[in-house]
Amino acid sequence: MQVIIRETKEAATELAAQVVARQLARKPNTVLGLATGRTMEGLYARLVRMHRDEGLDFSLAVTFNLDEYVGLPPDNPGSYRYYMNHHLFGHVNIDGRNTHLPDGMAADPEAAGAAYDALIKDHGGIDLQILGIGKTGHIGFNEPLSAMFSRTRVKALTPQTVAQNAPLFPRPEDMPRLAVTMGVGTILEADRILGLVTGDSKAEVFAKAVEGPVTSMISATALQLHANCTMVCDAGAADRLTQRDYYEWIFENDPQWADFR
Ligand code: GLP
């Protein structure tokens, strides 16, 4: 894992957007894994501007989102399909047929989860998985005790996650208690992982994710097992890291980041 600390949320978001843009430039038919949540809104806004002002091209890109609420149709403003259309897909030249989210309306969620994993495989796997970390330490909606080898499936959401995300619903009481999420195992199969974590409210869980022991109680600790994972954060989220100087030293000296410094 590499940890890149930028002073502000804007600078962290900009660096993450540059990583995505370079990936798309290098491989226009990139398979992107996408995340939702407040943190990602800034990233998608930046990618939309890059498309509009600099011609960032999504025409051949394929996307797979991490998760979707159970029981919400795509036109429900609380659904992640709605979120993705609103923040990204509706503003760039991506082919809607190439955008995928788990099916929260499936009659047989188990079969739908297996089909989602199979579809990712059919596309050659995810080249670059973007993700954030929830306050419970979840990646996707892999709440505490999610198996490290788990696959796409239905998970019950914790009270903490409900408290974190319910305000994003027009009527908070309408937030579902279940979601379909890529498994931790599914996520770890991506070729490369790019995490974006900002704000002091994430400082404690982020320090555990990066520096704590690997445990299914905090799914984000599984990212330590991935061979090519970069976590980008702002000073707020970095506040509880104990090895900050070391991460900064690596960033300053690793040639792969020369253009980003
Ligand atoms: C939701 C998503 C997660 C995301 C999290 C972060 O719970 N399922 O994939 O990491 O939000 O949320 P925020 O960026 O709003 O803190």
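Please refer to the structure higher up on the page.
If you're wondering where the values come from, they're calculated on a predicted model, not measured in any experiment.

Quick notes on the nonpolar core
Argument step 1. Membership of the largest hydrophobic core comes to 78 residues, with the highest contact counts inside it found for Leu47, Leu88 and Phe206.
Argument step 2. If you tally residues by element for this core, the top one is helix H1 (residues 9-26), at 8 residues.
Argument step 3. Other than its neighbours up to four places away in sequence, leucine 88 contacts Leu34, Tyr44, Leu47, Val48, Phe58 and Tyr83.

Re the side chain of aspartate 234
Argument step 1. Secondary-structure assignment places aspartate 234 in strand E10 (residues 229-234).
Argument step 2. Lysine 9 provides the closest opposite charge to the buried, salt-bridge-free aspartate 234, at an N-O distance of 7.2 Å.
Argument step 3. Side-chain polar atoms of aspartate 234 contact the backbone nitrogen of alanine 237, separated by 2.9 Å.
Argument step 4. Here aspartate 234 is in contact with Ile5, Arg6, Glu7, Thr8, Lys9, Ala12, Val197, Thr198 and Gly199, once residues within four sequence places are set aside.

As for the side chain of threonine 39
Argument step 1. Topologically, threonine 39 is positioned in helix H2 (residues 38-54).
Argument step 2. If near-sequence neighbours (up to four positions away) are discounted, threonine 39 is found in contact with Leu196, Thr198 and Lys202.

Observations regarding the pattern of salt bridges
Opposite charge on two side chains allows them to pair when their charged atoms are near.
Argument step 1. Within this structure, the stated rule accounts for 12 salt bridges.
Argument step 2. Residues arginine 151 and aspartate 117 are paired through a salt bridge, measuring 3.4 Å at the closest nitrogen-oxygen approach. Placement of the pair is arginine 151 in the loop between strand E6 (128-131) and strand E7 (153-156) and aspartate 117 in helix H4 (residues 109-122), with a sequence separation of 34 residues.
Argument step 3. Arginine 151 sits in the partly exposed class, given a relative accessible area of 30%.
Argument step 4. For aspartate 117, a relative accessible area of 8% translates into the label buried.

Considerations on the site of the ligand
Argument step 1. Taken together, 16 residues lie near the ligand, and Arg38, Thr39, Asp67, His138 and Lys202 sit nearest.
Argument step 2. Measuring from an oxygen atom of the ligand, one finds a side-chain N or O atom of glutamine 164 at 3.1 Å.
Argument step 3. Here an oxygen atom of the ligand and a side-chain polar atom of asparagine 165 are 3.1 Å apart.
Argument step 4. The protein chains hide 97% of the 390 Å² of surface that the ligand would expose on its own.

Quick look at the packing of H2 against helix H3 (residues 80-87)
Argument step 1. Put simply, H2 and H3 touch, their axes get as near as 9 Å, and they point 40 degrees apart. Put simply, H2 runs oblique to H3. Within the contact between the two elements, H2 uses Met40, Glu41, Tyr44 and Val48 and H3 uses Tyr83, Met84 and His87.
Argument step 2. Here the residues of the contact of H2 with H3 are counted per class, giving 5 nonpolar, 1 polar and 1 charged.

Here's the deal with the pairing of strand E9 (residues 192-197)
Where a strand is regular, its side chains alternate between the two sheet faces.
Argument step 1. Judged by how many residues are buried, E9 sits mostly within the fold: 6 of 6 residues are covered.
Argument step 2. With burial as the criterion, each face of E9 is covered, one bearing Arg192, Leu194 and Leu196 and the other bearing Ile193, Gly195 and Val197.
Argument step 3. One ladder, built from 5 bridges, connects E9 with E10; its direction is parallel. If you follow glycine 195 over to E10, its bridge partner there is methionine 231.
Argument step 4. One crossover worth recording links E9 to the parallel E10 by way of helix H7 (residues 203-211), and it is right-handed.

Side note on the environment of threonine 230
Argument step 1. Positionally, threonine 230 belongs in strand E10.
Argument step 2. Along the primary structure threonine 230 and phenylalanine 169 are separated by 61 residues, whereas in three dimensions their C-alpha atoms are 31 Å apart.
Argument step 3. Look past the residues within four positions of threonine 230 in its chain and what remains in contact with it is Gln2, Ile4, Arg192, Ile193, Leu194, Gly195 and Trp257.

Description of H2
Argument step 1. Over its 17 residues, H2 runs 24 Å from end to end, which matches the ideal 24 Å to within 8%, given 1.5 Å per residue.
Argument step 2. Turning to H2, its buried residues number three or more, namely Thr39, Met40, Leu43, Tyr44, Arg46, Leu47, Val48 and Met50.
Argument step 3. Those residues of H2 that are buried are in contact with H1, strand E2 (31-34), H3, E6 and E9.
Argument step 4. Residue glycine 55 follows H2 closely and has a positive phi angle near 75 degrees.

Here's the deal with the sheet that holds E7
Argument step 1. Strand order in the open sheet formed by 3 strands is E4-E8-E7, and the pairing between neighbours is antiparallel. Across the chains shown, the open sheet's two edge strands, defined by having one partner strand only, are strand E4 (67-69) and E7. Sheet twist, expressed as the mean angle between neighbouring strand axes with direction ignored, is 30 degrees.
Argument step 2. Where E4 lies against strand E8 (residues 178-181), 3 bridges are found, and the strand directions are antiparallel. Note on E8: the bridge partner recorded for glutamate 68 is valine 180.

Parameters at a glance
- Residues numbered from 1 in each chain as written.
- Predicted model: local features only at pLDDT ≥ 70, side-chain atom pairs only at ≥ 80, totals over all residues.
- Heavy atoms only, no water.
- Core = buried A, V, L, I, M, F, W, Y, C linked by side-chain atoms within 4.5 Å.
- Buried < 20%, exposed > 50% of the residue type's maximum accessible area, 1.4 Å probe, protein only.
- Helix = DSSP H or I, 4+ residues; strand = E, 2+ residues; numbered from the N terminus.
- Contact = heavy atoms within 4.5 Å.
- Lys, Arg positive; Asp, Glu negative; His and termini not counted.
- Salt bridge = Lys/Arg side-chain N within 4 Å of Asp/Glu carboxyl O.
- Polar contact = N/O pair within 3.5 Å; in protein donor to acceptor, adjacent residues only side chain to side chain.
- Near = heavy atom within 4 Å.
- Areas by Shrake-Rupley, 256 points an atom, 1.4 Å probe, with all protein chains shown as cover.
- Axes fitted to C-alpha atoms, helices over the stretch in contact; angles between N-to-C directions.
- Parallel < 35°, antiparallel > 145°, perpendicular 65-115°, else oblique.
- Nonpolar A, V, L, I, M, F, W, Y, C, P; charged D, E, K, R; others polar.
- Pairing = 2+ DSSP bridges.
- Right-handed = clockwise from strand over helix to strand, strands pointing away.
- Expected span 1.5 Å × (residues − 1).

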